[in-house]
Structures are given as structure tokens and as C-alpha cells.
Amino acid sequence: MAGPLILRYAARSDVGKIRAKNDDSAYAGQYLAVVADGMGGHAGGDVASASTVLDLIHLDRDGYRGDAGTILADEIQTANSLLSEMVHVNPKLTGMGTTVTAVLLSEGKLEFAHIGDSRAYRLKDGVFEQISTDHTFVQRLIEEGRLTPEEAETHPHKNVLMRVLGDVDASPELDLTSFEASPGERWLLCSDGLNFVDLPVVEQVFRETSSLSECAEKLIELTLGVGSPDNVTVVVIEVSEASADDLRTDQFEVVPPAEEQLLELPETAVPESVISTAEQQPAAAAAELTEQSSDTPVGTDSPSAAVQSTDGQPLGSHIAADVVREDLAHRPHELVGAAITAAAEGKIPMVAGRSTSRRAAAVLTHKPEQAEDEEVLSSEPPKRRRWFTLAVSALLLVVIVGGAWLGYAWTQTRYYVGEYHGKVAIFNGISQSLGPIQLSRVYTETPVTVDSLPEFSRQRLAQTLAAATLTDANQIVSDLQLGIVSPPGSENPSPSSKPSSSPSGGKPSSSPSSCPSSGSAKPSGSASPSATGNSSASPDCKGGRP
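Position numbers for residues start from 1 in each chain and track the written sequence from start to end. Note on the predicted model: pLDDT of at least 70 is required for a residue's local features to be given, and 80 or more for side-chain atom pairs to be given and counted; whole-chain, interface and lining totals, by contrast, use all residues. Excluded from the side-chain calculation are hydrogens and water; included are all heavy atoms of the structure.

So, the overall build of the protein
A run of H or I in DSSP becomes a helix once it reaches four residues, and a run of E becomes a strand once it reaches two; helices and strands are each numbered from the N terminus. When helices and strands are tallied, the protein shows 14 helices and 19 strands. Out of the 546 residues belonging to the protein, those deemed buried represent 46%. Contacts are assigned to residue pairs that have any heavy atoms within 4.5 Å of one another. Long-range contacts, defined as pairs at least 24 residues apart, comprise 69% of the intrachain contacts of the protein with a sequence gap of at least 6. For the protein, the exposed area adds up to about 27200 Å²; of that, 54% sits on carbon and sulfur atoms. Only protein chains enter the accessibility calculation, which uses a 1.4 Å probe; a residue whose area is less than 20% of its type maximum is buried, one above 50% is exposed, and one in between is partly exposed. Per-residue accessibility takes into account occlusion by the displayed protein chains alone, with areas from the Shrake-Rupley method and a 1.4 Å probe.

Structural data, given as C-alpha cells:
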């Protein structure tokens with residue numbers, strides 16, 4: 001039976017021949033490999049890459065029980081939130097960001113996460129292929145067929161990123177894939193500085209160099225040989241079966257950075273409100289160390305800030321760096337680029353006002369800061385809140401149901417006249433529906449056919465005629481036969497008075513007269529030339545045909 005799998009690894013980084021500082025960071029361990037290429041130049045690209053890599057190192061372990069891919073994605077999003085918070089606190093860092101390409105080995109699978117234009121290549125079963133997709137403007141043009149890969153190499157906007165960690169997007173989209181791991185397969189993670197070396201040359205070195213460290217060094221040398229206009233970082237990993245010695249965790253392997261890599265991060269790139277140095281430790285962090293409130297606002301002076309250690313430096317200045325060093329010391333790994341500078345010199349990027357102990361704990365557990373507030377809220381008596389919620393919900397339900405029932409009951413007190421199977425019918429309710437619920441029913445179907453009505457009456461019937469009472473509805477039926485109907489918009493028509501009407505259901509009498517008598521309510525739209533109360537009808541009165 002095959003033993004557990006681990007990663008063999010080698011990591012190297014170089015500032016290159018043109019750049020003044022290294023904005024790349026990388027980490028490689030037995031279960032995790034990650035490359036981050038910072039952007040923003042002098043504004044803090046090194047801060048972004050170092051912060052992101054140091055935020056992910058605690059993932060270098062096994063035992064995720066099927067959740068490794070989700071956890072890797074969540075931790076990258078958490079690192080992105082920290083970068084956004086840093087920019088919010090100090091606008092001078094606006095525009096900083098970083099790419100991330102990471103591989104996490106767990107339970108025989110390689111969980112892959114990627115954003116930006118750093119790359120991942122895999123050599124498996126003799127096939128060398130690029131696993132990552134560049135999130136660049138020119139790559140999108142290539143995918144749309146508007147540009148060839150050869151044209152993309154010289155395109156003026158080939159370095160424009162479409163997706164990246166930083167202050168651009170609160171929840172950037174990551175490329176996430178899971179691969180079955182096989183002993184002997186190799187992966188190459190690299191920043192875009194290696195792109196200046198022809199890919200066939202990279203593939204040849206990757207295939208033919210058995211030593212991982214030698215392979216990484218050769219790739220760096222090749223980049224420097226072509227001028228190395230950008231920082232270049234490579235991580236070479238190989239899946240292998242673990243031996244007894246590999247399971248020890250008390251090793252500490254770190255690649256000593258080149259002298260130029262240990263250059264101090266510029267103060268403009270790491271402002272005093274963002275980085276924790278011996279001289280720039282936020283007062284709020286020291287305040288918490290003396291058991292005072294950790295909610296000190298940014299920029300608030302505190303007497304406890306003067307508390308110093310035996311070497312004369314503020315106590316809080318070492319906490320975050322010591323936690324990171326302690327974490328690194330208990331696992332074999334290689335850390336290169338801006339991340340090793342930050343870890344070695346204690347320059348751990350952090351946000352002013354966020355306590356040092358919380359930031360240090362975040363490096364190991366990434367428990368969201370607001371979780372503590374949620375725990376305080378959850379400590380309140382739950383039964384009282386539960387009963388209050390149930391009572392409010394029940395009250396709202398009663399109001400809604402009661403209102404709906406009253407509304408429906410009101411509609412059943414109304415009537416209207418309409419067409420039903422080619423005949424005039426009286427409906428109980430209103431001529432609307434509430435979704436699938438009809439708010440009316442046929443009350444009575446009269447013997448009057450629609451075809452027998454005057455044209456104007458048929459048009460009005462098609463729009464339905466509302467009536468306040470059943471008596472009014474019967475009268476409307478009679479008026480329709482005579483062509484006397486209320487005008488559109490009259491909700492409660494007044495019935496026209498005729499010499500007689502049938503008491504049985506509103507059937508019209510045999511009187512041919514269509515003019516109302518004196519004192520009766522006139523149909524709207526039928527004007528009387530006189531209001532003197534004469535008992536005789538006006539000669540100008542217009543009536544319909546029976």
C-alpha cells in the first residue's frame with residue numbers, strides 16, 4: 001500500500017537587473033506551494049505579495065478531510081480582505097495588489113488556486129503543459145480570436161491584468177481546480193519574470209534537471225541571461241511518497257536571501273500606519289499588551305505606547321514577527337522574495353488599530369475579527385430573542401392573512417356585468433384575479449345574447465360593467481338591451497328609470513320608451529335639456545332601439 005504523499009520543493013527569487021526592489025514572494029513546503037507577484041511598484045507591491053504569502057503559510061499541513069480546496073480559496077479571499085483594509089487605512093497604498101498561484105496537497109489531491117498572470121506548469125506522464133490561464137487583457141483577446149499568441153508577446157498592453165488581489169474587488173474570482181496527485185509528477189510555479197525565457201527552453205531544463213534546487217537555480221540564471229527586466233521567482237515541486245524522516249516537523253529550512261533582497265522596504269511603500277516595525281508599532285497594539293482596551297481608534301495616543309522591552313523597543317513590535325517565525329520553525333519550508341525580508345526583519349504588514357495579537361492569531365487561524373463580536377452577541381439570552389422573533393413573525397402572519405381575507409370578503413360584495421358563453425351574465429366579485437385565484441364567479445346567466453345587443457353595448461360589455469349591488473347589475477342588463485349604458489370610468493352607475501321593470505330579475509318591460517321620466521336619475525352621458533321637473537319627456541331625449 002502506498003504511503004502518504006508530500007511535496008519535495010525548491011524555491012528561488014531574484015530582483016532582476018532593472019528593478020530596485022523585489023515585489024515577488026514565494027513559499028514552498030511539504031503540502032503548500034505559493035507564488036505571489038506584487039503590483040503597484042513603489043506604492044507597495046512588495047507589501048501586497050509578502051502579506052498574502054505570510055497569510056497562507058499556516059495552510060502547509062495535511063488533514064483537511066475533503067475541504068482543502070474550499071479552505072485554500074477562503075484563505076486567499078481573507079488575504080484579499082486584509083489588502084483592501086490596508087488600502088482603506090492608508091490611501092497611499094491605493095493601486096497595490098498581487099497575483100497568487102498556489103497548490104495545496106491533501107488526501108492524494110492537488111488543490112489549485114490561481115488569479116493574475118503568474119503561471120503554473122505541470123509535467124506528468126511525460127506531458128508538459130500550462131495549467132494556469134493568464135488573467136490579462138491580451139489573453140482575453142487571444143480567447144476571442146482577435147489576437148495570436150505571437151502578437152500578444154509584443155502587444156503594448158500585455159501586462160494589463162484583468163483579475164488580481166488588492167483593493168480592486170472585494171471578492172475576486174479565482175480559478176479553482178482539483179487534480180489527482182501521482183508520485184513523480186512535477187509542477188513549476190513562477191512569476192511572469194520567467195516569461196522572458198522561451199518556453200521550449202524552460203521545458204527542456206524542467207525535464208532534464210533531476211535536482212529540484214538545481215532546476216530552480218538554472219531557471220533563474222536563464223532569466224538573468226536574457227536581461228531579466230522584471231523580478232523573477234520560481235517554485236519547483238515534485239509529488240513524492242513520504243518517508244519516516246519527512247514526517248518530522250522540527251526542521252527549519254530557509255533559503256538565505258541575496259544581499260540585494262534584504263534591502264529595507266521603503267518607508268513610502270510601507271507607511272507607519274500599515275507596517276509593524278520597531279519604530280512604527282501602532283499605539284493600540286501596545287495598549288492591548290498591557291491589558292487595556294483593544295478598541296483604541298487609529299491614531300489615538302496612549303500612555304501604554306511608551307512601554308518598552310529590555311532592548312528599548314516597543315513590546316508589540318516583535319509579536320507578529322515572532323509568531324510567524326515560530327510557525328515557520330516547526331515545519332520544513334523555503335521562503336523567498338519580499339516575504340522573507342518581512343519575516344526576517346519583523347516587518348509584517350498590518351493595519352493600524354488592529355491589535356498585534358489579533359493579527360498574529362490571524363496568521364495562524366484566520367479567524368475573522370468580527371467573529372468575536374458575533375460571539376458576544378450570541379452570549380445574550382437566546383430564549384428571549386427567539387420568542388420575540390416568533391411573536392413578531394406570528395403577528396405579521398396574522399396581519400397579512402387577516403388583510404387578505406378582508407380584501408377577498410369585500411370583493412364578494414361587488415357585482416359586474418360581462419359576457420359568459422356568448423350571453424350577458426351577472427358576476428359576483430370583481431373582474432380581476434390574484435395570480436391563479438379568481439376573484440369572481442358567475443352569479444346568473446341571462447337569456448340575453450351578446451349578438452342581440454347594439455354595437456355600443458357590445459363594446460361596453462367587453463370591458464365589463466361594475467355594479468355596486470345586484471339591483472344595479474340587473475338594471476345594467478336592461479340598459480344594455482336599450483343601448484343606455486354608463487360611460488367608461490363610472491364605477492357605480494345610476495339605473496335609468498323606465499315605466500316598469502320585471503321584479504323577477506330585471507327583465508325589461510315591453511314599453512318602447514327609452515327616455516327617463518321627470519325626477520329619475522339620468523344615465524351619465526344622456527343630457528336632459530330641462531331640469532324643471534316636467535312630467536313629459538324632452539323632445540331631444542335620445543333612446544336606443546329595443
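Following the structure, the description resumes.
Structural notes on the confidence of the model for the protein
Here the protein averages 74 in pLDDT, while 66% of its residues score no lower than 70. Confidence of the predictor in every single residue is expressed as pLDDT, which spans 0 to 100. The least confident element of the protein, judged by mean pLDDT, is helix 7 (residues 283-289) at 32; the most confident is strand 11 (residues 186-190) at 98. Per-residue pLDDT stays below 50 along residues 249-318; that stretch engages in 137 contacts with residues further than four places along the chain or on separate chains. In this model, residues 352-380 is a region of pLDDT below 50 whose contacts with residues beyond four sequence positions or in other chains number 52 contacts.

Brief notes about the side chain of serine 240
Note that serine 240 resides in strand 12 (residues 232-241). Polar contact is the term for a pair of N or O atoms within 3.5 Å; when the atoms are in protein, one must be able to donate a hydrogen and the other to accept it, and sequence-neighboring residues count only if both atoms are side-chain atoms. One polar contact links serine 240 to arginine 8, side chain to side chain, over a distance of 3.4 Å. Apart from the residues lying within four places of it in its own chain, the contact partners of serine 240 are Pro4, Leu5, Ile6 and Arg8.

Remarks on the packing of aromatic side chains
Stacked, tilted and edge-to-face are the three classes assigned to paired rings of Phe, Tyr and Trp, where Trp is represented by its six-membered ring and a pair needs centres within 6.5 Å; plane angles under 30 degrees give stacked, over 60 edge-to-face, the rest tilted. Applying the stated criterion to the full structure yields 8 aromatic pairs. With a centroid separation of 6.3 Å and an interplanar angle of 80°, the aromatic rings of tyrosine 420 and phenylalanine 427 are classed as edge-to-face. Residue classification places phenylalanine 427 among the buried residues on the basis of a relative accessible area of 9%. Members of the aromatic cluster, joined through ring pairs, are Phe112, Phe179 and Trp187. Above the face of the phenylalanine 206 ring, arginine 186 is positioned so that its terminal group lies 5.9 Å from the ring centre. Only when the NZ atom of a Lys or the CZ atom of an Arg is both within 6 Å of the ring centre and within 35 degrees of the ring normal do we say a charge sits over the ring.

Some thoughts on the pattern of salt bridges
Any carboxyl oxygen of Asp or Glu that lies within 4 Å of a side-chain nitrogen of Lys or Arg is treated as forming a salt bridge with it. In this structure the tally under the stated criterion is 16 salt bridges. The partner of glutamate 203 in a salt bridge is arginine 207, with the nearest N and O atoms 2.9 Å apart. With glutamate 203 and arginine 207 both in helix 5 (residues 199-208) and 4 residues apart, this pair spans about one turn of that helix. One network of salt bridges, in which partners are shared, links Arg12, Glu217 and Glu334.

Considering helix 6 (residues 212-225)
Residue count minus one, scaled by 1.5 Å, sets the expected span of a helix. With 14 residues, helix 6 should reach 20 Å at 1.5 Å per residue; the first-to-last C-alpha distance of 20 Å fits that figure. Taken together, the buried positions of helix 6 are Leu212, Cys215, Ala216, Leu219, Ile220 and Thr223. Looking down the long axis of helix 6, one finds its buried residues gathered within 135° of arc, a one-sided arrangement. Turned more than 90 degrees from where helix 6 packs its buried face, Glu221 and Gly225 sit exposed. Tucked into the core, helix 6 has its buried residues touching strand 1 (5-14), strand 11, helix 5 and strand 12. Glycine 227 sits one or two positions beyond helix 6 and adopts a positive phi of about 110°. Relevant arc is that of directions from the helix axis to the C-beta atoms, nothing else.

Considerations on unusual backbone geometry
Despite not being glycine, arginine 65 shows a phi value in the positive range, around 55°. Its location among the elements puts arginine 65 in the loop between helix 1 (45-56) and helix 2 (68-89). On the basis of relative accessibility, which here comes to 74%, the residue arginine 65 falls in the exposed class. With phi around 55°, aspartate 125 is a residue other than glycine that occupies positive phi space. Note that aspartate 125 resides in the loop between strand 7 (119-124) and strand 8 (127-130).

What about helix 14 (residues 470-482)?
Between its first and last C-alpha atoms helix 14 spans 19 Å; for 13 residues at 1.5 Å apiece the expected length is 18 Å, and the two agree. With 10 of 13 residues buried, helix 14 is to be regarded as a mostly interior element. Of the positions making up helix 14, those classed as buried are Asp472, Ala473, Asn474, Gln475, Ile476, Val477, Ser478, Asp479, Leu480 and Leu482. Contacts made by the buried residues of helix 14 are with strand 16 (415-420), strand 17 (423-434), strand 18 (437-449), helix 13 (455-462) and strand 19 (465-467).

Quick word on the sheet that holds strand 16
Ordered in space as 18-17-16-19, the 4 strands form an open sheet in which the pairing is antiparallel. Edge strands, defined here as strands with exactly one partner in the open sheet, are strand 18 and strand 19. Ignoring strand direction, the axes of neighbouring strands in this sheet form an average angle of 35°. Pairing geometry for strand 17 and strand 18, over 8 bridges, is antiparallel. What sits directly across from asparagine 428, in strand 18, is arginine 441. A pair of strands counts as paired when DSSP detects no fewer than two bridges linking them. Angles here are taken between N-to-C directions and fall from 0 to 180 degrees, while the axes themselves are lines fitted to C-alpha atoms, restricted in helices to the stretch in contact.

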